[in-house]
Each structure stands twice: as structure tokens, then as C-alpha cells.
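# Per-entry structural report
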Amino acid sequence: NIVSVAIQDANSNQIPHLFWSNTGGTNWIDFGSPGGTATFSLDIGSVLVDPNNSNYVYATGVAPWRCDFSQPAGSQWAQLYGPIAATPPNEGTIDSSSPHSDGRQMAFDLSSNLVLVCDGGIYRRSNPHSSSGGWSSLNGNLQVGEIYRITYDPLFQVCVAGTQDNGTQRQDSPGNLLWTEIYGSDGGEPAID
């Protein structure tokens, strides 16, 4: 009977409303969004109800947040990244850790850790119910990148690739599997002059 729905504003590309129902959708409670610098967007995020505690709903976009529906109005939202906040939402992580930005999907592992797939790979948040947890990368030796566009430089015989949130990468030498980041953030569409 627990259902949570996020509504995206087409003009701002934000999620101004997160709704929760414990009646299978007959009645809804609107918990808004955390506001401030929180950025959600359904094209780069997801919403997940905690299977172990249905009062907790997790939302991710640029960064992950938790909404606790058992808390009073104005104190339901907590950031799940960075240093522990001194003012509401009074959360963060014990070790000030954060996953890579632009979360795409979330799930829980068998140990009740939150697993986040994002533009930088796969991250795990231990104890997502409180600030005592922290983030760790599960990438291992994976070199993660989503390439928007790739172009070939015929003079130097190397490729240049624009990646989503992992910069613009240039192949170190012809046929080489190593690449060097030449520009950060979103790589976009590279072109060779």
C-alpha cells in the first residue's frame, strides 16, 4: 500500500512535489522538495521507497536526498552526502563523503545499504537512515564514462570524446587505451579544428 510519486515541473526541470501514500494511492501527503540547492530531475534521477522502513523515500538527481515522512513538516528532508549539516536538514555523512553527481537509479543491497548508479559509476551508502553512514565507490577497476560524441583528429591520429559529467577526454596516442581529461564537467560535443 506504500506508494511515492514525484512530479516534475516542465518549466524548471525540478521536482517541486514528492507525494507519499500509505493507502495505495487513495490519500496523498505532499512533502514538497528540500529546496535550496537541491536539484532533482526525473531525466537524471529516481525515487525509491525504503523496503525496510516505508517512512523513508529516497530521491536522487544531481545529489541524493532522503525524505522521512514520520518527521514534522519542514524537517522531513535530509541530504545524504557531504559534511554533517549544522542546521536542518541536519544530515550528511560521518566521513563527509559524497557519490559522483547525477544519480540515475537506486536500489538496496541485501545488507540494507543504498546503491546508487550515477554518471561516475556505482556507489554504496552504508546506513542511509542516519548521518553515521558514508559513501564508497564500487567501481573497482572500471573506467566509467557515457560518451555523447566522439571525433577523430586526423593530424595526431587520436580520438577526442565528450562525456556526460566526466569531462572531455583525449586519447594519449594512436591506438592507446589511456585517455587524458582536457576539460571537466559535461564534455558535450567536441570538434577538431
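All residue numbers here refer to positions counted from 1 along the written sequence of the relevant chain. Only residues with pLDDT of at least 70 get local features here, since the model is predicted, and only at 80 or more are side-chain atom pairs given and counted; chain-wide, interface and lining totals rely on the full set of residues. Heavy atoms throughout the structure, all of them, feed into the side-chain values; hydrogens and water do not.

## Regarding the nonpolar core
Generally speaking, soluble globular proteins have nonpolar side chains that are buried together. In this text, buried Ala, Val, Leu, Ile, Met, Phe, Trp, Tyr and Cys residues form a nonpolar core when linked through side-chain atoms within 4.5 Å. Classification of residues uses two cut-offs on accessible area relative to the type maximum, computed with a 1.4 Å probe and protein chains only: under 20% is buried, over 50% is exposed, and between them is partly exposed. Judged by nonpolar contacts, the single largest core of 24 residues is most densely connected at Leu18, Tyr58, Phe69, Leu114 and Trp135. Only β2 (17-21), β5 (56-60), β6 (64-68), β8 (103-108) and β9 (114-118) provide two or more residues apiece to this core. Only DSSP runs of H or I covering at least 4 residues are called helices, and only runs of E covering at least 2 are called strands; the numbering of each starts at the N terminus. Among the elements that line this core, the one with the most residues is β5, at 4 residues. The contact criterion used throughout is that any non-hydrogen atoms of two residues lie within 4.5 Å. If near-sequence neighbours (up to four positions away) are discounted, Phe69 is found in contact with Leu18, Trp20, Phe31, Ser54, Asn55 and Val57.

## Regarding the environment of Val115
Checked against the element boundaries, Val115 lands in strand β9. Between the C-alpha atoms of Val115 and Ser126, which are 11 residues apart in sequence, the distance is 8.8 Å. Ignoring sequence-local partners within four residues, the contact set of Val115 consists of Gln105, Met106, Ala107, Asp109, Ile122, Tyr123 and Arg124.

## Remarks on the sheet that holds β5
Note: two strands are recorded as paired if DSSP finds a minimum of 2 bridges between them. Ordered in space as β4-β5-β6-β7, the 4 strands form an open sheet in which the pairing is antiparallel. Across the chains shown, the open sheet's two edge strands, defined by having one partner strand only, are β4 (46-49) and β7 (77-79). Looking at each pair of strands side by side, their axes are set apart by 25° on average, direction ignored. Sheet topology places β5 next to β6; 5 bridges connect them, and they run antiparallel. Bridge pairing in β6 places Tyr56 opposite Asp68. Axes here mean lines fitted to C-alpha atoms, for a helix over just the part in contact, with angles spanning 0 to 180 degrees between N-to-C directions.

## Thoughts on the pattern of salt bridges
By definition here, a salt bridge exists when the distance from a side-chain nitrogen of Lys or Arg to a carboxyl oxygen of Asp or Glu is within 4 Å. What the rule picks out here adds up to 3 salt bridges. The closest approach of N and O atoms between Asp119 and Arg104, which form a salt bridge, is 2.9 Å. Of this pair, Asp119 sits in the loop between β9 and β10 (121-125) while Arg104 sits in strand β8, and the two are 15 residues apart along the sequence. With relative accessibility at 25%, the residue Arg104 sits in the partly exposed group. Among the salt bridges present, the one from Arg149 reaches Glu189, with a minimum N-O distance of 3.9 Å. With Arg149 in strand β12 (residues 147-153) and Glu189 in the segment after β15 (179-183), the pair connects residues that are 40 residues apart, well separated along the chain. Assessed through its relative accessible area of 44%, Arg149 is described here as partly exposed. Take Glu189: its relative accessible area is 59%, and that puts it in the exposed class.

## Thoughts on unusual backbone geometry
The phi torsion at Ser112 lies on the positive side, around 65°, for a residue other than glycine. The phi dihedral of Gln157 falls on the positive side, at around 55°, and the residue is not glycine. Secondary-structure assignment places Gln157 in the loop between β12 and β13 (158-163).

## As for the packing of aromatic side chains
Planes of paired rings set the category: under 30 degrees apart is stacked, over 60 is edge-to-face and the rest tilted, where pairs are Phe, Tyr or Trp rings (Trp by its six-membered ring) whose centres lie within 6.5 Å. Overall, the coordinates contain 3 aromatic pairs when judged by the stated rule. Centre to centre, the rings of Trp65 and Tyr81 are 6.1 Å apart; their planes meet at 75°, and the pair counts as edge-to-face. Taken together, the residues Trp65 in strand β6 and Tyr81 in the loop between β7 and β8 connect sequence positions 16 residues apart. With relative accessibility at 18%, the residue Tyr81 sits in the buried group.

## Things to note about the confidence of the model for the chain
Per residue, pLDDT captures the predictor's confidence, and it can take any value from 0 to 100. In this model, the chain carries a mean pLDDT of 85, and residues with pLDDT of at least 70 account for 91%. Within the chain, strand β1 (residues 3-7) has the poorest average pLDDT of any element, 81, and strand β11 (residues 135-137) the best, 96.

## Some details on the layout of surface pockets
Only protein atoms enter the calculation, which uses a 1 Å grid: trapped sets of points that fit a 1.4 Å probe without letting it out are cavities, open sets showing protein on both sides within 12 Å along at least five of seven lines are pockets, and any residue with an atom within 4 Å of a point is a lining residue. Grid points are joined across faces, edges and corners, and a volume is the space filled by probe spheres set on the points. Of the volumes computed, that of the largest pocket is approximately 330 Å³. Around the largest pocket sit Gly120, Asn139, Leu142, Gln143, Val144, Gly145, Ile147, Ala161, Thr163, Asn166, Gln169 and Trp179, which together line it.

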